[in-house]
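Working through the structure, step by step
Chain by chain, the residues:
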Amino acid sequence: MKAAVIVFPGSNCDRDIAVALEQSSGNPVTMVWHRDSALPKVDLVVIPGGFAYGDYLRCGAMAAHSPIMREVVRAAGKGQPVLGICNGFQVLTEAGLLPGVLMRNASLKYLCKDVNLKVETSQSLFTSGWTTGQVVRIPIGHGDGNYFADNDTLNRMEDRGQVALRYCSEQGAIDAGGNPNGSARNIAGVFNDSKTVLGMMPHPERLSDPALGGTDGKDMFDGIARALT
Amino acid sequence: MNISASRGNRPTITPELVAEHGLKPDEYDRLLVIMGREPTLTELGIFSVMWSEHCSYKSSKVWLKTLPTKAPHVICGPGENAGVIDIGDGQACIFKIESHNHPSYIEPYQGAATGVGGILRDVFTMGARPIANMNALRFGSPDHPKTRHLVAGVVAGIGGYGNCIGIPTVGGECNFHPSYNGNILVNAMTVGLAPADRIFYSKAAGPGNPVVYVGAKTGRDGIHGATMASAEFSDDSEEKRPTVQVGDPFTEKLLLEACLELMATDAIVSIQDMGAAGLTSSSVEMASKGGLGIELELDRVPMRETGMTPYEIMLSESQERMLMVIKPEAEAKARAIFDKWELDFATIGRVTDSGRLVLKMNGEVYADIPVAPLVDRAPLYERPWVPTPKRAVLAPSSVPAPPSLTGALTKLMASPDLASKRWIWEQYDHMVMADTQQRPGGDAAVVRVHRTKKALAITTDCTPRYCQADPELGGAQAVAETWRNLTAVGARPLAITDNMNFGNPERPEIMGQFVGCIAGMRAACRALDYPVVSGNVSLYNETNGKAILPTPVVGGVGLLDDSTKSATLAFKKAGETIILIGAISGHLGCSLYLRECLGREEGAPPPVDLAAERRNGDFVRGLIRDGRVTVCHDVSDGGLLVAIAEMALAGRMGATLQPPKNLPAHAWAFGEDQARYIVTCADADGVLAEARQAGVPAEAIGRTGGPTLTARDGDAISVGELARAHEAWLPGYMSNP
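Computed from a predicted structure; not experimentally measured.

**Concerning the overall build of chain A**
- Check the secondary structure of chain A and you find five helices and 11 strands.
- Compactness check: chain A gives a C-alpha radius of gyration of 16 Å against a globular reference of 17 Å for 229 residues, within 12% of the reference.
- On the principal axes, the C-alpha backbone points of chain A span a range of 45 × 35 × 30 Å.
- By residue count, 62% of the 229 residues in chain A fall in the buried class.
- If you take every contact in chain A between residues at least 6 apart in sequence, the share linking residues at least 24 apart comes to 74%.

Below you can see the structure in the form of structure tokens.
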């Protein structure tokens, strides 16, 4: 698998995700500057976490209109796999590649901690390293991760299997106690219609190394590398 | 040289104007001797900030000089932007702690945020990529009406800056005491990594070389209110700006990346961040260190407001700015890098061989100051001081026992100083950069050196109530506790940075506290081969004549050669023997038990035996390195039972203890004797025998396992209940209106 990571001014998880992708794919990762207007030929494009353009105006709003994002949107339309993590998820919703929006956390506070996620389906190139119904432990680190869409949209997404991950308890219960930010229906990650684009608030790259206390994130990247090789 | 005669620059220098600039009459006389004439307003402003306590260390310097600063692994000690130590393999660790106390009290969010921004710049201006932030916070009594607001603002500000720039905030400390009601302490520390052969310094060189300004534009923020006021100024219609600077972490992120990108080339001769006193201190510092002059054209400074005067430009403390001397041939290359990051890049002057700081604007000269005397003949005071009277050691018999040990323990674990600070550190991104191996809540944070097996251990500590009771002992204890915390995770302690927070040094008893703390720190640094490589002094922390507790915060850094061999404090295996390393006398003076359970703040603090500290610590570090122990925790605030409870809560596992017969149980449980650690292991006999051989006191005190913590027969509490009490206090406090 060959991957590219888009770097905006203010991206700060670009190195972390590149390390995790290199570890799982065995290939160097191409870093693409936001002002570039062409995407390299790769199997996966990743929009990393951080505070692109300082998150001024609204998280992800300015990044969604950068030169490189026009290319990402065009490529995604042709089936290019795209993964957005945290700020990357915000950018993808702002760019219209994914439904819904990420609002301020219900607590109004930034929150950094491990959360439990229920894998809604393993039937995607992004989640094939996990099993359907598995509970995985992945860290979050965000102030604006409160997923929202109207009920019709949420129903339609659920009907089409577009919910990838939900916040849950240690035992896998989808309840308020396991929901760290007030997200609608505990949604932590969503696919586009064709499951070729995934946006997720949690950071799998932060638990992809036993030295850091866990490898649930590595399983995801290993799965992606297998699916795209 | 003809000095501009404009009215704004040549006001009548009245004694009032001099006083408003914080200069004493004899200091002004000294200025006149150096200048040989009356100063311009710009010059007066420059002397005022350069000779301020903050920039000149005039009250503290004679004492700071007595601290040990050298060791074979020290690359650069105090005097530069930050300290630099060698961590092997061609790598250097650069770190420093700095206070932002007064601004954080006035405007907690921006005050704390710019404190983080400032210390980050101090570290990356030397060529390091920052890898971790820490913070040591002291707030007033939880009952004080401002405290909740200050906690919320400071925490949000630290998080807002660190989270955005993407440097993990991996730990720190937070205490409450009424002495901080009117003067909170916000001390921020940054640790970075650089190639050992590519450290950047501030010494200007090469007359003719361009002086370049990069980063954010200059505005009127941060110009000190006191120095701003003058007859001419008050005629001006400009409103007075707040004296607290406003931070923009996004700009700092760009500045960080641009500087590191430029530093990878050979364009830079010297570089200095614009921190306190902005363009003034950065240009003076560079010229002074190089023994050269600097001439600046102030109209070329990127400004975000119109009509700024030379005085305002020189005194602005706008954030996210750097000053560099670069090689002339590299100018185009350097400019291209800053263009890429969309930051201002302006050549605003040049290095000269005149030894003078010359400031011009619109072709007129506004200041012309000889640099060497401005720096070398700055006032230096050996202020009168009186030693702090010694307190009597509290007789154990005067300290009543609690009805139940676990009842008192629950109260302690839910007290403001010992309660979980999760509410704080969960608001900090402590995992970005994906190298945080031990997260907040342990003895020390452990952050891996990227793509290596090595890791740095980092901690900050100070026990102000000990420092108040006995400054010398308290100073030694602060240093020793950092050393112990680094040891408890298995690291080899290498060096410290210090943040000396005190009251008004013009009062002999406050100066006595300062002198005492320094003496204790000096002794501890020597005994532990643990030099000071950087630091900061914050004086005048008092309101209405009431000073804060003396608070010499110590930030320690240690190295783990193999990060897989570090220890954590969470109980891991049931049925293991719990061993206490270190001697126990049950010292209850100045203890948290005395304060929280009995409402008494008295007695002498626990003695600090530095030889025992070293012996016990070296022994424990060896046990961890050799994999002989499963977990390790140091014993500090609250004593033995609190330490055990912290291990139980972290591991969600109980323990059963047996107090000895020769000591009152509450003195055993809550005494705060120093130089102690708790370890658990399977092979207790082996460890105890080895301890005997090494001359280290050690005894088995209980076993791990079960859902309850049993302090003695019939005196137990469930770990779950203790956890709820421990976790509930701070969120509960912060959610109350």
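**Here we look at the overall build of chain B**
- When you go through chain B residue by residue, the secondary structure sums to 26 helices and 28 strands.
- For chain B, the C-alpha radius of gyration of 26 Å lies close to 27 Å, the compact-globule estimate for 737 residues.
- A principal-axis box enclosing the C-alpha atoms of chain B has dimensions of 85 × 50 × 45 Å.
- Relative to its full complement of 737 residues, chain B shows a buried share of 65%.
- For chain B, long-range pairs separated by at least 24 residues make up 84% of all intrachain contacts whose partners lie at least 6 apart in sequence.
- Carbon and sulfur atoms provide 52% of the accessible area of chain B, an area that totals close to 24,600 Å².
- Taking the average place of the 69 positive charges on the side chains of chain B and the average place of its 84 negative ones, the gap between the two points comes to 4 Å.

**With respect to the interface of chain B and chain A**
- Chain B puts 31 residues into the contact, and the matching count from chain A is 30 residues.
- Carbon and sulfur atoms make up 54% of the surface buried where chain B meets chain A, a total of about 2,500 Å² over both sides.
- Of all residues in chain B, the largest losses of buried area upon contact with chain A belong to F250(B), E426(B) and M431(B), amounting jointly to 21% of the total for that side.
- At the boundary of chain B with chain A, the tally comes to six salt bridges.

**Description of the packing of helix 7 (residues 108-124) of chain B against helix 8 (residues 147-165) of chain B**
Residues and elements named next belong to chain B.
- One can describe the packing of helix 7 onto helix 8 by two numbers: an axis separation of 7 Å at closest approach and a directional angle of 40 degrees. At the point where helix 7 passes helix 8, the crossing takes the right-handed sense. Here P108, Y109, A112, A113, V116, G117, L120 and R121 of helix 7 come into contact with helix 8, specifically with H149, L150, G153, V154, A156, G157, I158, G160, Y161, G162 and I165.
- Counted by class, the contact of helix 7 with helix 8 contains 12 nonpolar, six polar and one charged residues.

**A look at the packing of aromatic side chains**
All names here are of chain B.
- The final tally for this structure, using the stated rule, is 12 aromatic pairs over all chains.
- Ring geometry for W63 versus W385: centroids 5.9 Å apart, planes at 90 degrees, classification edge-to-face. Taken together, the positions of W63 in helix 5 (residues 61-64) and W385 in the loop between helix 15 (371-376) and helix 16 (405-413) put the pair 322 residues apart, joining distant regions of the chain.
- Residue classification places W385 among the partly exposed positions, given a relative accessible area of 38%.
- A centroid spacing of 5.9 Å and a plane angle of 45 degrees characterise the contact between F338 and F345, whose relative ring orientation is tilted.
- By relative accessible area, F338 is classed as buried at 0%.
- Through pairs of rings, three or more aromatic residues link up here, namely F139, F176, W729 and Y733.
- The side chain of K146 reaches across the aromatic face of Y105, ending 4.4 Å from its centre.

**Quick look at the nonpolar core**
- The biggest cluster of nonpolar side chains holds 204 residues, and the ones touching the most others in it are L21(A), L44(A), L83(A), I85(B), M324(B), F338(B) and L456(B).
- When residues no more than four places from it in sequence are discounted, the contact partners of L44(A) are M1(A), K2(A), A3(A), A4(A), L21(A), Q80(A), P81(A), V82(A), L83(A), F126(A), I224(A) and L228(A).

**Things to note about unusual backbone geometry**
Residue and element names in this part refer to chain B.
- With phi around 50 degrees, N362 is a residue other than glycine that occupies positive phi space.
- Looking at where N362 falls in the secondary structure, it is placed in the loop between strand 12 (356-361) and strand 13 (364-370).
- In this structure, D529 takes a positive phi of about 50 degrees despite not being glycine.
- Mapping D529 onto the fold places it in the loop between helix 20 (508-527) and strand 18 (532-538).

**Section: the sheet that holds strand 1 (residues 74-76) of chain B**
Residue and element names in this part refer to chain B.
- Pairing within the open sheet is mixed, and its six strands lie in the order 1-2-3-6-4-5. With one partner strand each, in any of the chains shown, strand 1 and strand 5 (169-176) form the two edges of the open sheet. Averaged over all pairs of adjacent strands, the angle between their axes in this sheet comes to 20 degrees, without regard to strand direction.
- The pairing of strand 4 (residues 129-139) with strand 5 spans seven bridges and is classified as parallel. Along strand 5, the bridge assignment pairs N133 with T169.
- Packing against the sheet, helix 7 makes contact with strand 3 (91-99), strand 4 and strand 6 (185-195), and its axis sits at approximately 25 degrees to strand 6.
- Packed onto the sheet, helix 8 meets strand 4, strand 5 and strand 6 and runs at close to 175 degrees relative to strand 4.

**A closer look at the packing of helix 2 (residues 25-35) of chain B against helix 3 (residues 41-50) of chain B**
All names here are of chain B.
- Running from N to C, helix 2 and helix 3 cross one another at 120 degrees; their axes reach a closest spacing of 12 Å. Classified by the angle their axes make, helix 2 and helix 3 are oblique. The interaxial crossing formed by helix 2 with helix 3 has right-handed handedness. Every residue of helix 3 that contacts helix 2 at Y28, L31, I34 and M35 is listed here: E43, L44 and F47.
- In the contact of helix 2 with helix 3, the residues fall into six nonpolar, no polar and one charged.

**Things to note about the pattern of salt bridges**
- A full pass over the atoms with the stated rule returns 58 salt bridges over all chains.
- Residue R35(A) is joined to E342(B) by a salt bridge in which the shortest nitrogen-to-oxygen separation is 2.9 Å. In this pair, R35(A) is assigned in the loop between strand 2 (30-33) and strand 3 (44-47) and E342(B) in the loop between helix 14 (331-340) and strand 11 (344-352), connecting two distinct chains.
- In this structure R35(A) comes out as partly exposed when scored by relative accessible area, which is 42%.
- Salt-bridge contacts for D344(B) lead to K217(B); the nearest nitrogen and oxygen are separated by 2.6 Å. Of the two residues, D344(B) is situated in strand 11 and K217(B) in the loop between strand 7 (210-215) and helix 9 (225-228); the sequence distance between them amounts to 127 residues.
- Connected through shared salt-bridge partners, R15(A), D209(A), D435(B) and R448(B) make up one network.

Quick notes on the rules
Residues numbered from 1 in each chain as written. Chains lettered and ligands numbered in written order. Predicted model: local features only at pLDDT ≥ 70, side-chain atom pairs only at ≥ 80, totals over all residues. Heavy atoms only, no water. Helix = DSSP H or I, 4+ residues; strand = E, 2+ residues; numbered from the N terminus. Rg over C-alpha atoms; globule rule 2.2 N^0.38 Å. Buried < 20%, exposed > 50% of the residue type's maximum accessible area, 1.4 Å probe, protein only. Contact = heavy atoms within 4.5 Å. Areas by Shrake-Rupley, 256 points an atom, 1.4 Å probe, with all protein chains shown as cover. Lys, Arg positive; Asp, Glu negative; His and termini not counted. Charge placed at Lys NZ, Arg CZ, Asp CG, Glu CD. Buried area = accessible area lost by both parts, 1.4 Å probe. Salt bridge = Lys/Arg side-chain N within 4 Å of Asp/Glu carboxyl O. Axes fitted to C-alpha atoms, helices over the stretch in contact; angles between N-to-C directions. Left-handed = near helix turned anticlockwise from the far one by under 90°. Nonpolar A, V, L, I, M, F, W, Y, C, P; charged D, E, K, R; others polar. Phe/Tyr/Trp six-rings, centres within 6.5 Å; stacked < 30°, edge-to-face > 60°. Lys NZ or Arg CZ within 6 Å of the ring centre and 35° of its normal. Core = buried A, V, L, I, M, F, W, Y, C linked by side-chain atoms within 4.5 Å. Pairing = 2+ DSSP bridges. Parallel < 35°, antiparallel > 145°, perpendicular 65-115°, else oblique.

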